[in-house]
Amino acid sequence: MLSPMRRRERAVTDWNHVLEIIQSCDCCRVAFSEPDGPYIVPMNFGVEAGPSEQLTLYFHGASSGKKVELMQKNPCVGFEMDTGHVLVPGAQAYSCSFLYQSVIGKGKIEILSNLEEKKHGLTVLMRHYAPGKEWDFPSAMLERTAVFRLDVTEWSCKEHSRLKYWRERGSSLKRFFV
């Protein structure tokens, strides 16, 4: 489900463009709940896009530790990923800008136990980093590797891109985008 945002002019609502942005990200930060505040973990990820703009994210890691304990206590998590970072210099500090693309959201995360589901999750993850290659996952490796699935319930995508910035500021800034 798409979340509303304050800066609507930066919202990305075209589903294919959202997926392009996600594919260009190399890290997803997952926020778990602790009594004294969030615990954020940067993780490698894979994405699977379903019908009706549904996202499923897959991660892998150790089968024990703080993040596993936290997700078992509360599977509701937040996530964030970003890419396309460019500083646009200005004559003064206040006239600088920063270009980016980001996706944030919420969902429920779970540890997969079925070996076929784990294999599928790892295949999706590896496809993100090494597209076009087939991978084999031995059963022994699948048994000792934790694979997590995040079913996204809410997301938003935002972009402050070169093209949009150039259009907003006029052609005099074209030199920054060549």
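Further up the page is the structure itself.
First things first, this report covers the structure right here in the doc. Predicted model only: the values in this text are computed from it and were never measured. (Residues numbered from 1 in each chain as written. Predicted model: local features only at pLDDT ≥ 70, side-chain atom pairs only at ≥ 80, totals over all residues. Heavy atoms only, no water.)

### Regarding the packing of aromatic side chains
Then comes step 1: Summed over the entire model, instances satisfying the criterion amount to one aromatic pair.
Then comes step 2: Centre to centre, the rings of W15 and W155 are 5.6 Å apart; their planes meet at 45°, and the pair counts as tilted. Here the residue W15 occupies a position in helix α1 (residues 15–24), and W155 occupies one in strand β7 (residues 146–160), the gap between them amounting to 140 residues. Neither residue differs from the other here; W15 and W155 are each classed as buried.
Then comes step 3: Between the NZ or CZ atom of K133 and the centre of the ring of W135, over which it lies, the distance is 4.6 Å. (Phe/Tyr/Trp six-rings, centres within 6.5 Å; stacked < 30°, edge-to-face > 60°. Helix = DSSP H or I, 4+ residues; strand = E, 2+ residues; numbered from the N terminus. Buried < 20%, exposed > 50% of the residue type's maximum accessible area, 1.4 Å probe, protein only. Lys NZ or Arg CZ within 6 Å of the ring centre and 35° of its normal.)

### Some details on the environment of H120
Then comes step 1: Summarising the element assignment, H120 is placed in helix α3 (residues 115–129).
Then comes step 2: Sequence spacing of H120 and V147 is 27 residues, and the spatial spacing of their C-alpha atoms is 9.6 Å.
Then comes step 3: At 2.7 Å, the side chain of H120 forms a polar contact with the side chain of E48. (Polar contact = N/O pair within 3.5 Å; in protein donor to acceptor, adjacent residues only side chain to side chain.)

### Description of α1
Then comes step 1: Inspection of α1 places W15, V18, L19, I21 and I22 among the buried residues, and these make up the whole buried set. Down the axis of α1, the sector holding all buried residues measures 160°, keeping them to one side. Looking at α1, the residues exposed on the side facing more than 90 degrees away from the buried face are N16 and E20.
Then comes step 2: Buried residues along α1 sit in contact with β3 (46–50), β4 (54–61), β5 (76–88), β6 (97–112), α3 and β7. (Arc of directions from axis to C-beta. Contact = heavy atoms within 4.5 Å.)

Coordinates in, geometry out; function isn't part of it.
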